[in-house]
Structures are given as structure tokens and as C-alpha cells.
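Now for the letters of each chain:
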There are 4 protein chains.
Amino acid sequence: MALTGVLRPGHAQIRVLDMAAATKFYGDVLGLVETGRDKQGRVYYKCWDERDHNSLVLRQADQAGLDFFAFKVLDKATLEKFDADLKAYGLKTERIPAGDMLETGERVRFELPSGHLIELYAEKTQVGNGLPNLNPPPWDLKNSERGIAPVRMDHCLMYGPNIDQNKKIFMEVLGFYLVERVFMPKGGPAGEAAIWLSCGHKSHDVAFVVHEQPGKLHHVSFWLNSWEKTLRAGDIMSMNEVPIDIGPTRHGITRGETIYAFDPSGNRFETFAGGYQPYPDWIPTDWEFESLGPGLDYPQRKLHESFLTVLT
Amino acid sequence: MALTGVLRPGHAQIRVLDMAAATKFYGDVLGLVETGRDKQGRVYYKCWDERDHNSLVLRQADQAGLDFFAFKVLDKATLEKFDADLKAYGLKTERIPAGDMLETGERVRFELPSGHLIELYAEKTQVGNGLPNLNPPPWDLKNSERGIAPVRMDHCLMYGPNIDQNKKIFMEVLGFYLVERVFMPKGGPAGEAAIWLSCGHKSHDVAFVVHEQPGKLHHVSFWLNSWEKTLRAGDIMSMNEVPIDIGPTRHGITRGETIYAFDPSGNRFETFAGGYQPYPDWIPTDWEFESLGPGLDYPQRKLHESFLTVLT
Amino acid sequence: MALTGVLRPGHAQIRVLDMAAATKFYGDVLGLVETGRDKQGRVYYKCWDERDHNSLVLRQADQAGLDFFAFKVLDKATLEKFDADLKAYGLKTERIPAGDMLETGERVRFELPSGHLIELYAEKTQVGNGLPNLNPPPWDLKNSERGIAPVRMDHCLMYGPNIDQNKKIFMEVLGFYLVERVFMPKGGPAGEAAIWLSCGHKSHDVAFVVHEQPGKLHHVSFWLNSWEKTLRAGDIMSMNEVPIDIGPTRHGITRGETIYAFDPSGNRFETFAGGYQPYPDWIPTDWEFESLGPGLDYPQRKLHESFLTVLT
Amino acid sequence: MALTGVLRPGHAQIRVLDMAAATKFYGDVLGLVETGRDKQGRVYYKCWDERDHNSLVLRQADQAGLDFFAFKVLDKATLEKFDADLKAYGLKTERIPAGDMLETGERVRFELPSGHLIELYAEKTQVGNGLPNLNPPPWDLKNSERGIAPVRMDHCLMYGPNIDQNKKIFMEVLGFYLVERVFMPKGGPAGEAAIWLSCGHKSHDVAFVVHEQPGKLHHVSFWLNSWEKTLRAGDIMSMNEVPIDIGPTRHGITRGETIYAFDPSGNRFETFAGGYQPYPDWIPTDWEFESLGPGLDYPQRKLHESFLTVLT
């Protein structure tokens, strides 16, 4: 099969400080579709055009941040193989039984050298996107425009140490390839300050920025169909006084047409459109740290300080 | 590796009746980048954002149509494996030596039961997209807006008999999966009248419509970044009196925002934006033949007769 | 005052065959805001961003078509002056008392040589656009996206004889100027086959096409903010099986990004975006009748027959 | 006539520090069409879709800023009447003879209480927009996409004292009406801190913000056809390292989809799309000074300090 192994980002579990405020935000403002609540009190969402049961899970906690980020793999055999490969690589893996998360099969969890928990799973109930399977319209008036209404959960950017080791795991064990990278500042130690990795042909499925503190979340990202939808997202954020960090603007890195903003717990999220389509034979695009300004905010060529410092 | 096997559509070789008129059209109006001419007189093009040497090749001939459509595979070992697998499946394959096409490695060619020649290859010189690899802008003023300037050659729709057999080859040997399909008209023999197949996570990398005559070309398609670019394409077509077949409109099938038009030799081409991102775990979208109208032209819900009858 | 005399199109009264079907269409599908119903059973609508009480009025009748089209003038003194000027010009005028239409002041009505009834009025209750007057958002989630949700009723295109006489009245009495025109077919009698007139700096506030039958409606037009909204309009039409006549496409004449479609009674309406901004010192743009194809449907360069023949 | 008196903004004369850098910027980056140079060394530009000879004039000087901003009036009689009316109002007017500016008739100049020079004129040679007058395309490949290529010079925002007196002159003598306004900060003296005025049915043709220093320029603004063109403008600015002040974003005030940036001399300019269409019967939209944040940058709800302090 052409697309095999790791298929795509599957779910992110986010810690929120106040579940009532969080569900109002994720359900009404961001406009995700709530698909369930479990006994632990976690609330499950999917984007309107996603077909799997969930892609974002909220857990109430004392500190905001990311519990784990997961990828869907092709099938159970692939899951078993990755578990074996990860162990062979020297990583400890953990099995989370099917049913721990609603409508989600067994998960293989491991910790990255950057301190983030990554999960792989093969099974999540397909609940559909709300459109009929026979002769469907391209979108519907019920869910496609309720709040910001992103199309899909797209990727996650995490901050932590040892991202060179993360990169090796994603590339050598999980079959990702490097799409873009930012080198460390000139005059200091060589290496990569940031990396964008893809398992398919999106500009990125996961990304890392080097940071002293382990396990930090920069943002979970949601995809929109157009730059006009990005402005619409910004308008809706303002109507609801959602604090925007950066944008609307274009990233130089990945070319995304983006807004970074914060959920009520301070977790940054992104709504974006655009990008391009790389493939595994891609020669990575390089950025000097000194050009991170245009890389982050291409029109303004500005390295907004919060990009490097505000994390959960 | 997550994305392996067949990576993507690689090149289409098109027969044109008048090379001077064709190069004026493909070079100046469609705005492809000419990358070479060979001793046979063939002219090579790439889209501005493609990095490989060529994706469209023109050959002068007495009859318009498609010589062959090719896919790039991951590497030479993959190419060898596909050759063996195709033979094991019962298909005859042919080796076209490296250098037969400019900057292109050895190709494995086989004929589909629909009468189309398909090629696989592992190597094509990467010439880049004209942007620097270090700190690049997202596009440039030189090539990104010269003529219609599509981003990439995206897919091909072919008409011929035995598309059920084509489907088996693409799915069972080449690792594609079925994204959408149109069933045969009610009251007649069952089966699929049309199929859209993907090897990655695009809405389609290749598609077939059942037709009596073998080896027919419906269109080669080129991707644009937005619906606004689709209108711009339509305006430029009109400025150059390029005959439009259908559009601008939205396809119900694949959701593409599209124009079908004809090159000076009568070969149909498409410029389109939009779509969605399926994955191999996709449950195919079904269309009744009786709903091919909205499937083709969603706003007008109209089955334009030329869609089924005008071919090269 | 810089903008004086006739300010803008104010209201159109349309005859519909089935009020229940009509209100479902205009209220739910086109997404106008219903503002009232009167004792005669007429139903009143405004577009979401309009501030006056109504811009479209539906009246049930046995035959579809346009009862009258009206313009708002600056004030009552202007209304009196226009009444006197119209009479001095030789036209018979009629006074419709305030209150005949809901929330609308006295109207001066006259019949054009083309057989259409035109009205002028100075007063219509300002009900606002639903946004607060203090620190407003640019749009709201309640009305701006309910159905197609056009921004304003923009203009009307009428078919009838003697449009040269109409033109004199609009230009010499009412202060409009000519923006674009189509000449009569070559080889026949000279003159104008179609005219587009503006009283402000829109591409057109009213337009006429010469036609044997008097008093015919071609379409009432509604404005959208973008070409993307035009596609959205087309999608919503299809979801509701609204029959589209032409589009989405671009007009060559006026540059509008347009869809023509029909209400359930067969009255054509337009939803469009774009255009340009002429002023009274404008040199009219000329079109040969033989170029009406690109004038109507610029990408396809096609004179759709229905444009000249399907009227109510 | 419906639109009479003051028709529209006509030309702005801007002081630049280095003419070579300025012409490179205005000609190549902003993409205006150079239409002439006069004996004084002034360089004249028009936007591609404007039909009059010039709308922006550059003059080399030791200090950046605005020499004068002009409006085109309907005809010479109107010009004479305004001259008389301005004098009757108590303002001193000056006649600048025809030919002082290239292809421009006699101008009536007066100084506003805010210290700005305003001009009125009735005649400027119509050179056309480069498209044929007969059967024109909607745009062309030569000028419509060369650099940022705005459609028209749209308005000017000036800073200075006594804007309440400016408002009276524009409304009582020149026939403008008030579209939006910002009140002075609470707790201080009452009044208006900023006003947006229109002579037609654009969101604004001229605007003023109260400021201690007289005669200051905030920005001259250029109109684009879409939000996508606004992003394109931002990309081109970055490619040319044009410093952006604010945006891309949406103004709450006027709803414009905007970028503020600086020319090489430090003069701010705007490229924007969108807005809405008010008329003289408009009830002005009010903004509290405390809501100037969303008024300026609606998504971010941020009062960028430079908006109030960086002027030329």
C-alpha cells in the first residue's frame, strides 16, 4: 500500500483548568462537534469533516498542557510492529487498553526524549462526517459553519529538549520525513532548533522546537479551507474575546495562512489554511534562526517573542 | 516509512497536433515552466512549485490524446518490486531505459485493461521550484503568476473499458485505495461506472470512467491554491479564447473547485482548487449514476453531455 | 451634498405564485430577514446588512414578475422636485400614500416607456442591521450566515421596449449616468440593446435590455462580499435544488462574480460579488452585440440563450 | 444628478526623501503605473484601474509627509461654487493654475483647521485604464498583477488639531457625511477623537484623528479587490522588506481587510479590501475610545501604539 504505517494525527488530549469554560470554547466558539463524555469526565470532540469518533479530548486538571498526542496507524499488525520497533530502538512502551478512551482501540504509548507522550492506535470508531455516504453535498449548514468549524485537527507543535533524538525516532522508526527545519543561532552550538515532520504529504504532521523544559505544548492546530475562513476565524475569536497571539498572517515556514490564539486555559491553538504538499523525496527547506521572523510571520518578518516563550 | 510505494502522479505525455500552438498554450497561457526539448522534438514542462524536472511532456502527432501517464515510486527497489508484482499479477511490463525522457530514470510501463499505458519510475532530476532552499519566500513574482500558473500536475481521468480490472490492479498491486465511485445506471448491469483512486491522501491521484473505446483521455488536471485562482484561470482562458467545457463550478465528487477546458489540440485539461483529504481507512463515497449531475456540477446539478462524450 | 437626488435602489415588489414556497425560499434559502407581513398578505424582507425596513416585498399572484422597482431619494423635498420634474418631462405620476407599504413613506410612481413601474420615496423606517451602533462587530453569527445571506439588494435588470426613452428619463430627469451598454446587432437598426445605469458609484443600480414585450423582469440582484461567498451561494442553491440559470461565473459586463438562478415562481434572481466603481465622469464601456457572450459569461464567452428569452 | 459636488479623492502629493528609492517602491513594489514626470522633478502615478492621469504625486523633500490631498468635483461650475462657498464660510482659498500639475486643471486650495492643505479640481485628463473601451476584459496581465497593483487610491487619514472644525467644513460646505467616529476617552473633555467621512457611498473618502501637531499624515490608502489580494500584498511587501506596521487584519472601524506599512521615506500607506456601502441617510457608527483596539485590529482587539504616534 502506498500510504501505510502511520497514517495521520489522530487525537490530542489537552488539560484544561475549567471544563465548563473549555467546552463552551471548544464546542461553541471553535465549533468542534462533541461526540461524548466519559466516566472520568473527559469530553470528546471531532472536527466536522473528520470521520473518526474523536480528535480532541479535554481533561480537567490543575495545570494546562498536553497529556499526549496520538497517531492513527494503518491496522493492528502495524501497531504491533511499531511497538516492537520502538522497543528494539530502546524505548519503553506502554499498552493502554481499548476502551480507556471512548470508541478507541488499544494504544501504544511511549515517551519522547523531549518529554512528550506519543500514542499510536489502529482503531477508532468511524462515526462519519454527518453527510450521507450516498450523493453527499460538499458540506452542510448544520456543522460546517457552527463557530469557527475547522475541517480537521491537523498537527501539533511541541517544545522540549533533545529534539534531535525525537527526529531520529520519527524518521527511523515511524517513517516520517523532514519537511522544514530551523538551524540553531549562529555562533552557538550547531544543530536544529526546530523541525517539521510529515508522515504523508502534508506540510507537517508534527513539529518540535528545542526548549529547556520538557513536555511543553506550543499548539494543537486545526485546518480551514481558505484564507477567507482564517479571517472568519479571527472575527469569531474577537466576537468571543478569544486572545490572539499572532495573526492573521502567513507563516514563511510551511506557507500556512494562520492565527495563533489561546483557549480559556491558556493552551495555544492554531487555525490555518494553505500550505503545500511535500513527499518523502523532499529536500528539506532550511531556515536560519536569524530568519525565524519571516519564517513565523512572513508579511511582518517578525519573531514575536511569545512564539519562543509562552507555552503550557 | 509511512508514505511508500507509489508516491504521486509523475508525468503525463500528451499528443498535440501543432507543437507551436501547444507550446504557446502550455507555456504562456497555462503558464507551465518549460524545462527542456529532446531530440524527438518533445517539449517538457513542470508546474512552478514542482521540484522534479518535468510533469507534462508534449509530443506532436496526428491524433490528440494521452501517450502514457506515470507515477513516481519511492526508490529503485520499489520499482523492481512493482515490476515483479505486476508480472506476477499477469501483466506484461516493458522497461524504458533511463534517458529516453529527459532527466528521467528507467521506467516500467504496462498497459491497463482499459487500454491506457501506465508508467512507474523512481528517478527524475530534482531541479527545484525556483525558490531558494534557505529562507524561501512562499512564492515568487517570476513564475507563480505567469499565466494560469498551477501549483502541480495533480491527476488524470481516463476513459476506457474494464475499469473494474483497472481498479483491482491499482488497489491490489499498486496500493491505491478507492475514494469515490459512481454506480452504473439503475436497471442495467451492476458495477461501477467511474472510480477515483488515491495513493496518498489527496481526493484522487487517478480516475477512470467506463467507456467503450479503450485508451481515451478525459483530462489531465492541474492544481491551484484557491477558488479565487480558479476564477483567475477562467479569466485568463477567456483572454486567450481557450474554449471552456464546464465551469467555473464545484464538483460534488471530490468537492473540487474546477474548470474543464481544452488545449489547442482538443485535449481536455482541468484547473482546480479545493478537495479534501482521505486516508486508506476511508469508506468510499458512493454516487448513483442518476446523481452524476450534482456529482459533476454541484451548483447546477447538471450532467453536461460533453463529460461523457468528448474525449481524445 | 455630494450624493443627493436618487440615493440607491430601495425596494422591489415581486409576484410569486405560492407564498408558502416563496417565503421558504426567500427566508430560509436566500436567507433574507423577514421584517413584516401586511393586511394584503404581502411579506417584507431586508438583507442582513441593510438598515431600512425592507428591500424586497412578495405579493401572491397568478403570474410571476415584477410589480415595481423603487429608489430611495434624499428627502421629501427631493421627492417633490422629482415628481414635478417627471411631470414636466411629460410623464404621468401617481402618489401612493405613506403606509401602503409597511414602514414606508409616500411614494411617487410612474411608468417607464418600457412598461415598468418605477417608484421614488424618501422615507423608510431605519430598523438597523442587527449589530449594535456602538463598537459593533463586522458581522454576526445570527443573520450574516443564515442561508445565502446577501449583504444588500443591489439592482434590477428589466426587459422591455423603448429603452432609449428609459435612458433619457434616468439620465436627464433622475440624474443617473450610463456605465456600460451593448449596441444592437450589426446589420440591423442602430441603437442600444442593453444599458447599465448608476446613480452613485456602483457598476449599476438599474439596467435595461430591449425586448418586444413590455414590463418584463430579468432579475433582481443581491450582493455578496466575495467570490467565495458566490460559491457558497451556489452550494446552498444546490442543497435546496434551486435551479441555476448561469454560473458561478464572471460577467464581462460590470465584472460581477455571479450566479443567476430562479425562485420557486420562476423569477430570476442574481447573487453576485465584485464589480468596480465608476463615477459620473465615466466614459461608458461599449459592447458589440456579437460580444455579448463574453459580456455575459466571460470565462465561457457564451451567450446563454436563456439570458435573452427567459423572463417573468 | 444623483452623485454631484465632490465626486471622489483625486490625488495626494507625498514628500519623499529619496526619489530613486521612492519610485522603485511606488512603481515596482506597490505597482502603480507611472504616468509622467514634470520639470520640478515630481513623479506621477495612477493605479491600474483608474482612468484619470494621476492619483499619487511624489515630490522629493527633506521631510516626509503630505503636501496636499485633493478631490475631483463634478465640473468647473461646481469648482467655482465650492470656492465661493469656502470663502463665504470664512476660509481663504488659493487658485493653482491649470498645468501646475501634469494633465490637471485649475485647483482650488485651502487649509483645514487641522493644518492640512486640501484641493478641489474639476479636470484631469482621462488616460484610461489600459483596457480597450470596446468589449474589454475585466483586467489584464500587464498592469493588474505588476507588484501589489491596487485598483484605486481610496482615501487619506490625516492627524491634526481642530478636527471638529474640519468636520463642519466637510459636512456643511463640501457635502460629506459622517460614517464612523471615535469619541474622546472617558473622563476627559467630550468630543470626537476620530472621524470617517464619505462624499459618495464608500466607507470613507477622508478621515481625521485629533492630534496636537498640525498637518500630519497617517496614511494614504489603496484599494484591493479581495482579502486574498491583501495577503498577496503582504507577501510582496515581505519579499521587498517593506516594513509593515499592522496587519494583515480586519479593521472593526469600516470593516476593511487591511495592511498598514511604510514607504522608504517612512510615509505610512494602506492596502485594503472590503468595507461596506453607507449612504447620506446613514446613522454614524460610534466607537468608544476604550474600544479603539477592536476598532483598529478587530481580531486582536489591540490598539497598536504606533497607530496614535507614528506620523509623517
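Criteria and cut-off values
- Numbering of residues begins from 1 in every chain and follows the order in which that chain's sequence is written.
- Numbering of ligands from 1 and lettering of chains from A proceed in the order in which they are written.
- Residues qualify for local features only when their pLDDT is at least 70, as the model is predicted, and side-chain atom pairs are given and counted only at 80 or more; totals for whole chains, interfaces and linings, by contrast, use all residues.
- The side-chain figures draw on all heavy atoms in the structure; neither hydrogens nor water molecules are used.
- The secondary structure listing takes helices from DSSP runs of H or I that are at least 4 residues long and strands from runs of E that are at least 2 residues long, numbered from the N terminus.
- Each residue gets one of three labels from its accessible area relative to the maximum for its type: buried under 20%, exposed over 50%, partly exposed in between, using a 1.4 Å probe on protein chains only.
- Residues below a pLDDT of 70 in either copy are left out; the C-alpha atoms of the rest, at least 70 in both, set the least-squares superposition of the copies.
- Whether two residues are in contact is decided by their heavy atoms, any of which lying within 4.5 Å being enough.
- One bridge is not enough; two strands pair if DSSP finds at least two bridges between them.
- Here an axis means a line fitted to C-alpha atoms, over the contact stretch when the element is a helix, while the angle between two N-to-C directions is reported on a 0 to 180 degree scale.
- Here the aromatic set is Phe, Tyr and Trp, taking the six-membered ring for Trp, and pairing holds for ring centres within 6.5 Å; pairs whose planes are under 30 degrees apart are stacked, those over 60 apart are edge-to-face, and all others are tilted.
- A simple way to read buried area is as the amount of 1.4 Å-probe accessible surface that goes missing from two parts once joined, with both sides added.
- Salt bridges are identified by distance alone: a Lys or Arg side-chain nitrogen within 4 Å of an Asp or Glu carboxyl oxygen.
- In this count, Lys and Arg are taken as positive residues and Asp and Glu as negative ones, while His and the chain termini are left out.
- Two N or O atoms form a polar contact when they lie within 3.5 Å of each other; inside protein one atom must be a possible hydrogen donor and the other a possible acceptor, and for residues adjacent in sequence the pair counts only when both atoms belong to side chains.
- In these notes the angle categories are as follows: under 35 degrees is roughly parallel, over 145 is roughly antiparallel, 65 to 115 is roughly perpendicular, and the rest is oblique.
- Charged means Asp, Glu, Lys or Arg here, nonpolar means Ala, Val, Leu, Ile, Met, Phe, Trp, Tyr, Cys or Pro, and polar covers whatever is left, Gly included.
- When two cysteine sulfur atoms lie within 2.5 Å, the pair is treated as a disulfide.
- pLDDT measures the predictor's confidence residue by residue and takes values from 0 up to 100.

Moving on, we come to the environment of G41(B). Residues and elements named next belong to chain B. For G41, the position within the fold is in the loop between β2 (33–37) and β3 (43–46). In this structure G41 comes out as partly exposed when scored by relative accessible area, which is 38%. Sequence separation between G41 and E80 is 39 residues; the distance between their C-alpha atoms is 30 Å.

Below, the discussion takes up the relation of the copies chain D and chain C. By a simple turn and slide, chain D fits onto chain C: the slide is 0.0 Å along the axis, the RMSD is 0.0 Å, and the turn is 180°. Put plainly, the chains are arranged around a two-fold axis. Among all residues of chain D, the minimum C-alpha distance to the rotation axis is found for L3(D), at 2.3 Å. By residue overlap, the copies meet face to face through one surface: 100% of the interface positions of chain D are interface positions in chain C.

All right, on to the sheet that holds strand β14 (residues 244–250) of chain D then. All names here are of chain D. The sheet built from nine strands is open, its strands ordered β14-β15-β16-β13-β9-β12-β11-β10-β17 with mixed pairing. In this open sheet, the two strands that pair with only one neighbour each are β14 and β17 (285–287). Each adjacent strand pair in this sheet contributes to an overall mean axis angle of 15°, direction not counted. In this structure, strand β15 (residues 256–262) lies alongside strand β16 (residues 268–274), joined through seven bridges in antiparallel fashion. Following the sheet pairing, I259 is matched in β16 by T271.

Attention now goes to the packing of aromatic side chains. All chains considered together, the criterion is met by 50 aromatic pairs over all chains. Their ring planes at 40° and their centres at 6.4 Å tell us that Y26(C) and Y45(C) sit as a pair that is tilted. Taken together, the residues span a long stretch of sequence, with Y26(C) in helix α1 (residues 19–29) and Y45(C) in strand β3 (residues 43–46) at a distance of 19 residues. Of the two residues, Y26(C) and Y45(C), neither departs from the other in class, the shared state being buried. An angle of 50° between the planes, with centres 5.6 Å apart, marks the rings of F170(D) and F208(D) as tilted. Residue F170(D) is located in helix α3 (residues 163–173), and its partner F208(D) is located in strand β12 (residues 206–210); the two are separated by 38 residues in the primary sequence.

Residue and element names in this part refer to chain C. If you walk across this open sheet you meet the eight strands as β2-β3-β4-β1-β5-β8-β7-β6, and the pairing is mixed. The strands lining the two open edges of the sheet, one partner per strand, are β2 (33–37) and β6 (93–96). On average, adjacent strands in this sheet sit at an angle of 25° to one another, irrespective of strand direction. Pairing geometry for strand β7 (residues 107–111) and strand β8 (residues 117–121), over five bridges, is antiparallel. If you follow F110 over to β8, its bridge partner there is I118.

Let us now look at the relation of the copies chain A and chain D. Under the fitted operation, chain A is carried onto chain D by 0.0 Å of movement along the axis and a turn of 180°, and the coordinates agree to an RMSD of 0.0 Å. Take the interface residues of chain A: 100% of them recur as interface residues in chain D, which is what a same-surface contact looks like.

For the rest of this paragraph, the subject is the interface of chain A and chain D. Each partner contributes to the interface: chain A provides 20 residues, whereas chain D provides 20 residues. Here chain A and chain D share an interface that buries about 1,800 Å² over both sides, 54% of which is from carbon and sulfur atoms. Looking only at chain A, the three residues that lose the most surface to chain D are W227(A), L231(A) and P299(A), adding up to 32% of its buried area. Where chain A packs against chain D, one counts four salt bridges. The partner of E241(D) in a salt bridge is R301(A), and the shortest N-O contact between them spans 3.9 Å.

This part takes up the pairing of β12(D). All names here are of chain D. Taken across its five residues, β12 has four buried, putting it largely inside the fold. Relative to β12, strand β9 (residues 152–160) is paired through five bridges, and the arrangement is parallel. Residue pairing across strands places L157 opposite A207, the latter belonging to β12. As defined by bridge partners, strand β11 (residues 192–198) adjoins β12 across four bridges and the pair is classed as antiparallel. Each residue of the ladder has a partner; that of L197, found in β12, is V206.

What follows concerns the pattern of salt bridges. Residue and element names in this part refer to chain A. Taken as a whole, this structure holds 124 salt bridges over all chains when the rule is applied. A salt bridge links D52 to K72; the shortest N-O distance between them is 3.5 Å. Of the two residues, D52 sits in the loop between β3 (43–46) and β4 (56–60) while K72 sits in strand β5 (residues 65–73), which places them 20 residues apart along the sequence. K72 sits in the buried class, given a relative accessible area of 4%. We note a salt bridge from D67 to R59, for which the minimum N-O separation is 2.6 Å. A relative accessible area of 28% means that R59 is categorised as partly exposed. Each of D38, R42, D100, R107, R109 and E119 takes part in salt bridges that share partners, so that together they form one network.

On to the side chain of E180(C), then. All names here are of chain C. With respect to the helices, strands and loops of the structure, E180 is situated in strand β10 (residues 177–183). Here E180 occupies a buried position and makes no salt bridge, while the nearest side chain of opposite charge, R255, is found at 6.5 Å. Engagement of the side chain of E180 in a polar contact is seen with the backbone nitrogen of T254, the distance being 2.9 Å. Aside from chain neighbours lying at most four places away, what touches E180 is A194, I195, W196, I253, T254, Y276, T285 and W287.

Running from amino to carboxyl end, helix α4 (residues 227–239) of chain B crosses helix α4 (residues 227–239) of chain C at an angle of 95°, the nearest separation of the two axes being 9 Å. With respect to α4(C), the axis of α4(B) lies roughly perpendicular. In this structure, α4(B) contributes W227(B), E228(B) and L231(B) to the contact, and α4(C) contributes W227(C), E228(C) and L231(C). Residue classes in the contact of α4(B) with α4(C) are distributed as four nonpolar, no polar and two charged.

This paragraph deals with the state of the cysteines. Residues and elements named next belong to chain B. On inspection of all chains with the given rule, the structure shows zero disulfides over all chains. For the unlinked cysteine C47, the closest cysteine sulfur is that of C156, found at 14 Å. Note on C47: relative accessible area 0%, which makes it buried.

Quick look at the confidence of the model for chain A now. As a note on interpretation, predicted positions should not be read in detail where pLDDT is low. Here chain A shows a mean pLDDT of 97. Residues at 70 or above account for 100%. With a pTM of 0.98, the predicted complex shows an ipTM of 0.97.

All right, on to the environment of V310(B) then. Residue and element names in this part refer to chain B. Secondary-structure assignment places V310 in the segment after α6 (306–309). A relative accessible area of 34% means that V310 is categorised as partly exposed. In sequence terms V310 and L217 are 93 residues apart; their C-alpha atoms lie 9.3 Å from each other.

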